[in-house]
Amino acid sequence: MSPPTIEYAIPATVEHRALAEAIAAQHLCSENPPLRLSRRIYDTFDWRLFAADLGLEWASTVASGAATDAPVGAFNGIGMGSSRQTAPPASASPQGSAPAQLLCLHSLRDPAAPIRQPFAPEPGFLSELPNGVVRERLEGLLDIRRLLPMAELISTQIRLRLLNEDGKTVVSVVIESNRVRCPAAGGEADLSARLRLKAVRGYRHAFALAERWLQEQFALEPADQHQLLEALRGAGQHPGGYSSKLDYRLDPGERADSAAKAIHRGLLRTLEANIEGTRANLDSEFLHDLRVATRRTRSALSQIKDVFPAEEVADFKERFAWLQQVTGPTRDLDVYLLDFPELERRLPPSLGADLKPLQELLAGQYETVQADLARALGSRRFRELLRDWRGFLDAPLPSAPGGQPPSEDRPARPKRALQPIKRVADQRIRKMLARVRAEGSAITDASPPEELHELRKSCKKLRYLMEFCQSLYEPARIREQIKQTKVLLDNLGRFQDTAVQAQHLRDTAESAGCLEGGLPPVTLLAMGALIGQLIDEQRRARAAFSAVFDGFNSDANAARFDALLGESKAPQPSAKAD
Amino acid sequence: MSIVALYSIKGGVGKTTTAVNLAFLASAEGRRTLVWDLDPQGAASFFFRIKPKVKGGGRALFRHRRALDAAIKGTDFDGLDLLPADFSYRHLDLQLDQRKKPKRQLKRTLKPLRREYDLILLDCPPGISLLSENVFAVADALLVPLIPTTLSVRTLEQLAAFLDDEKAKKVPRLLPFYSMVDARKALHRTTMDSVSDQGLPVLNETIPQTVKIERMGLHRMPITAYDGDEAVVAPYRALWGEVKRTLSLP
């Protein structure tokens, strides 16, 4: 049961010391020494805490220029010294005591009662946080994302205590001037000053009296936004502003080349947003999102056909394929290492520990592939790709037909560039659907794994197309069809991923390092057992394929696709629709 | 959450001064801390300038969660609350005895506070009683101030023997420490040496006898909160550090 707190915004015209004097003149009051506080505000890159209405701050006092050397009592009102009270000034020294670094988890809807956890090192991954109430609350929210410093709130506080007749604090008043700094970009900015009126548990009446008195005397307005949000915005952040999810708002009548550029611009923004995090390897999701944006870009280039000049499309496809290729090895290792606990679980408990040397071997390879990746992302080739692609997307669209025939300087316009995007989307989704159905129908129990792999690729293209163009369709219908496609993709993914993992294990075991004694025999045996498990899993996925595909290829699903795409009938299945 | 009791069979050994100072140091580190002043004399309440009064008395606290919530008062220090003393606590043994499972009432009463606080310090009255047995049932550790005199050591031995008899159940860790030590007194020195020779496990850190600590009552707050004299404050900090290490608190 936490006592209430009210935060008021102090108008810029009000002088803080004069305000404190005015309060002190009318109350039995004591003043603590002023305090300079630094609070870093953390969230994940994709704003998971903000999305959950939470704000995390890591606080330390700024004493003698040392941001982390907090004196004992910094957070609990030490320094009872006062010109109006009998107690001498506090000078409790931090010698020998642990720095009082404190994590506070705020509800962004409620200025009172943050959850507090002392002795927290700088936040990073959840697994690195010491056990405590904040960690408990964050369980399940962060997954594998790292907490990053988004803003630093620097405050100077005048701290008053309103006292009762026993000299006991019954209300706490903090007058706070604030600045904000962006940890990444540097630079400081002013934030609104605040007066924080805080009740002391068990003294609600005194709080109510103080609240009324403040209102009558100064007519202060309650602060209109949580201080953490104000600080984030003041630091130039856009809470909730990043998501790798596709959420385009396309106009069905918009010309297809314009809509395609809008889709590509969104993907490019996602790709660019993740470059620095990938280079610095802040967490594995940066690279994941960068690769997904790259894959989607390649998919959109090939699937939203005939809207851009063919030569440029071919050039960019090749260059983005290079990007996909150079980011692959690190992602493979990420997946391997992230899945490692799952791999261990697949084995009997007595064998699980035998895999440890494999984990160490993979972790040892990580530095090299990450360095290669960082080099590729810092290369001229990559910079030029981004520059050229941005230039292409920002170039003005070719004008509508004006009667001039194509020439060498003015090549023929791609045939669908001017068509409405809805028509192009309908046509492309139908074609990809037909291809998926044709490829799936051709798969028999005797088909080689490559055919399932091809089907998976087609299926992904269909899914991406629907996701790019989601806003052009009735929301519930398109969501349902994306969901149906994902069911098939999940089955194909399980088949393919287990095959890749088994092959990777085999390759690792056969690699030069291992043949020369890099892994002990027990580890190789455990890897063999694991390959057996993975092959079993792959077999189960393969056995389930027919039923899953039959569901996708059912009349009911076909009818839903027809309803989604309108009256015109979907083309008959053919081996290759393109 | 940890529960540490400042407990001694003997009175006047420095339980309350230690309780309020350790509570202050703990809350200063950001721990959500509660002191329950179980002594009807109300010295801990006095140090925090809080009236030793609980609506409905001790009986209400053991009966109603709401009474417990309403009785807790914030001190002058963020993160440090007090459950004040009440004169009715002098009848606590009788009240506890009238309830089912009389030795587990304190444990039951404190259960809902486990999520609200990181540390609960019980400032116990002297003696060994039904309330003491309640304290033994709930505390993770008994921090026992020990004036280095023969009688004090004897009471510690009595307590250790009592807890030994309780071995079948979970018993708190016994953490005696020397309190009100006057190094000029030969008796204090020889007692400490003899205890050490007997191998009794006493904490290393000691709290000296000083006029400044005696004057804490004039300031009505923990000395660690207002006095800059390292000679006075450092022993409490060192003791708190040793308690944390011994109990593996973060």
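Given the structure is predicted, the values throughout are model-derived calculations rather than measurements. (Residues numbered from 1 in each chain as written. Chains lettered and ligands numbered in written order. Predicted model: local features only at pLDDT ≥ 70, side-chain atom pairs only at ≥ 80, totals over all residues. Heavy atoms only, no water.)

Quick look at the overall build of chain A
Helix and strand counts for chain A come out as 20 helices and 9 strands. Buried positions account for 49% of the 578 residues belonging to chain A. Considering only contacts within chain A whose residues lie at least 6 apart along the sequence, 73% involve residues at least 24 apart. Total accessible area computed for chain A in this model is approximately 26,700 Å², and 52% of it derives from carbon and sulfur atoms. (Helix = DSSP H or I, 4+ residues; strand = E, 2+ residues; numbered from the N terminus. Buried < 20%, exposed > 50% of the residue type's maximum accessible area, 1.4 Å probe, protein only. Contact = heavy atoms within 4.5 Å. Areas by Shrake-Rupley, 256 points an atom, 1.4 Å probe, with all protein chains shown as cover.)

Some points on the overall build of chain B
Each helix and strand in chain B was counted, giving 13 helices and 8 strands. On C-alpha atoms alone, chain B measures out to a radius of gyration of 17 Å, which is about the 18 Å that the 2.2 N^0.38 rule sets for 250 residues. Over its C-alpha atoms, taken along the principal directions, chain B stretches across nearly 50 × 45 × 35 Å. In chain B, which comprises 250 residues, the proportion classed as buried is 59%. Taking as baseline every contact in chain B between residues at least 6 positions apart, the subset at least 24 positions apart corresponds to 79%. Accessible area for chain B stands at about 10,400 Å²; split by element, carbon and sulfur atoms hold 54% of it. In chain B, which carries 38 positive and 28 negative side-chain charges, the distance between the mean positions of the two groups comes to 8 Å. (Rg over C-alpha atoms; globule rule 2.2 N^0.38 Å. Lys, Arg positive; Asp, Glu negative; His and termini not counted. Charge placed at Lys NZ, Arg CZ, Asp CG, Glu CD.)

Regarding the sheet that holds strand β3 (residues 73-74) of chain B
All names here are of chain B. Across the sheet, which stays open at both edges, the 8 strands sit in the order β3-β4-β2-β5-β1-β6-β7-β8 with mixed pairing between neighbours. The outermost strands of the open sheet, each flanked by one partner alone, are β3 and β8 (206-208). With 5 bridges joining them, strand β1 (residues 2-6) and strand β5 (residues 119-123) adopt parallel strand pairing. In the strand pairing of β5, Val4 is matched with Leu121. Against the sheet, helix α8 (residues 150-165) contacts β6 (141-146) and β7 (173-181), and its axis sits at roughly 160° relative to β6. (Pairing = 2+ DSSP bridges. Axes fitted to C-alpha atoms, helices over the stretch in contact; angles between N-to-C directions.)

Brief notes about a positive patch on the surface
Residue and element names in this part refer to chain B. On the surface, a cluster of positive charge is contributed by Lys101, Arg104, Lys107, Lys111, Arg114 and Lys170. If you trace the backbone, Arg104 turns up in the loop between α5 (92-97) and α6 (105-110). Of the residues examined, Arg104 reaches a relative accessible area of 41% and is grouped as partly exposed. (Patch = residues over 30% accessible without salt bridge, like charges linked within 9 Å, V, L, I, M, F, W, Y side chains within 5 Å. Salt bridge = Lys/Arg side-chain N within 4 Å of Asp/Glu carboxyl O.)

Details of the pairing of strand β6 (residues 148-163) of chain A
All names here are of chain A. Counting buried positions along β6 gives 14 out of 16 residues, so the element sits mostly inside the fold. Looking at chain direction, strand β2 (residues 29-43) and β6 are connected through 13 bridges and run antiparallel. Following the sheet pairing, Asn32 is matched in β6 by Arg159. Examined bridge by bridge, β6 and strand β7 (residues 169-181) share 12 bridges and lie antiparallel to one another. Each residue of the ladder has a partner; that of Gln157, found in β7, is Glu176. Connecting the antiparallel pair β6 and β7 is a turn made up of 5 residues, with Gly167 showing a positive phi of about 75°.

Thoughts on the pairing of strand β2 (residues 33-37) of chain B
Two faces belong to every sheet, and in a regular strand the side chains alternate between them. Residue and element names in this part refer to chain B. Burial of β2 is extensive: 5 of the 5 residues sit out of reach of the surface. Alternating residues of β2 divide into Thr33, Val35 and Asp37 and Leu34 and Trp36, and every residue in both groups is buried. Across 4 bridges, the pairing between β2 and strand β4 (residues 80-83) is parallel. Note on β4: the bridge partner recorded for Trp36 is Leu83.

Side note on the packing of aromatic side chains
Counting across every chain of the model gives 20 aromatic pairs over all chains. Judged by centre distance (6.0 Å) and plane angle (65°), the rings of Phe552 of chain A and Phe561 of chain A are edge-to-face. By the burial criterion, Phe552 of chain A is buried, and Phe561 of chain A matches it. Through a chain of ring-to-ring contacts, three or more aromatic side chains come together here, namely Phe308, Phe316, Phe320, Trp389 and Phe392 of chain A. Between the NZ or CZ atom of Arg145 of chain A and the centre of the ring of Phe286 of chain A, over which it lies, the distance is 4.7 Å. It is Arg220 of chain B that lies over the ring of Phe46 of chain B; its NZ or CZ is 4.2 Å from the centre. (Phe/Tyr/Trp six-rings, centres within 6.5 Å; stacked < 30°, edge-to-face > 60°. Lys NZ or Arg CZ within 6 Å of the ring centre and 35° of its normal.)

Digging into the packing of helix α8 (residues 284-303) of chain A against helix α16 (residues 449-468) of chain A
All names here are of chain A. Two numbers describe how α8 lies on α16: the axes approach to 10 Å, and their chain directions differ by 90°. In terms of axis orientation, α8 runs roughly perpendicular to α16. Of the residues in α16, those in contact with Arg295, Arg296, Ser299, Ala300 and Gln303 of α8 are Lys460, Lys461, Tyr464, Leu465, Glu467 and Phe468. For the contact of α8 with α16, the residue count by class is 4 nonpolar, 2 polar and 5 charged. (Parallel < 35°, antiparallel > 145°, perpendicular 65-115°, else oblique. Nonpolar A, V, L, I, M, F, W, Y, C, P; charged D, E, K, R; others polar.)

Some words on the nonpolar core
Residue and element names in this part refer to chain A. Among the nonpolar cores identified, the biggest contains 66 residues, and Leu271, Ile304, Leu323, Leu462, Phe468 and Tyr473 are the most heavily contacted of them. The element best represented in this core is α16, accounting for 8 residues. Once residues within four sequence positions are removed from consideration, Leu462 is found in contact with Ile429, Met432, Leu433, Val436, Thr485, Phe552 and Phe561. (Core = buried A, V, L, I, M, F, W, Y, C linked by side-chain atoms within 4.5 Å.)

Examining helix α14 (residues 380-394) of chain A
Residue and element names in this part refer to chain A. If you check α14, its first and last C-alpha atoms are 21 Å apart, about what 15 residues at 1.5 Å a residue would give, namely 21 Å. Every buried residue belonging to α14 is among Phe382, Leu385, Leu386, Trp389, Phe392 and Leu393, and all of these are buried. Around the axis of α14, the buried residues are gathered within 135° of arc, so they sit on the same side. Opposite the buried face of α14, at more than 90 degrees from it, the exposed residues are Arg380 and Arg387. Against the buried residues of α14 lie α6 (256-273), α7 (275-279), α8, α9 (310-326) and α13 (356-377). (Expected span 1.5 Å × (residues − 1). Arc of directions from axis to C-beta.)

Focus on the packing of α9 of chain A against α14 of chain A
Residue and element names in this part refer to chain A. Taken N-terminus to C-terminus, the directions of α9 and α14 make an angle of 145°; their axes are 11 Å apart at the nearest point. Like other packed secondary-structure pairs, α9 and α14 cross with a definite hand, here left-handed. Residue-level inspection shows Glu312, Phe316, Arg319, Phe320, Trp322 and Leu323 of α9 in contact with α14, the latter providing Arg381, Phe382, Glu384, Leu385, Asp388, Trp389 and Phe392. Within the contact of α9 with α14, the residues separate by chemical class into 8 nonpolar, no polar and 5 charged. (Left-handed = near helix turned anticlockwise from the far one by under 90°.)

Here we look at helix α7 (residues 130-138) of chain B
Residue and element names in this part refer to chain B. Most of α7 sits out of view: 9 of its 9 residues are buried. Regarding α7, the residues found buried are Leu130, Leu131, Ser132, Glu133, Asn134, Val135, Phe136, Ala137 and Val138. On its buried side, α7 packs onto β1, α5, α6, β5, β6 and α8.

Here's the deal with unusual backbone geometry
The phi dihedral of Asp306 of chain A falls on the positive side, at around 60°, and the residue is not glycine. In this model, Met180 of chain B sits at a positive phi of 55°, which is unusual for a non-glycine residue. Of note, Met180 of chain B is situated in strand β7. Taking relative accessible area as the criterion, Met180 of chain B reaches 25% and is therefore assigned partly exposed.

Section: the confidence of the model for chain A
In this model, chain A carries an average pLDDT of 86, and 87% of its residues clear a pLDDT of 70 or more. In this model residues 77-99 of chain A is a low-confidence stretch, pLDDT under 50, and it forms 66 contacts with partners more than four residues away in sequence or in other chains. (pLDDT = per-residue confidence, 0-100.)

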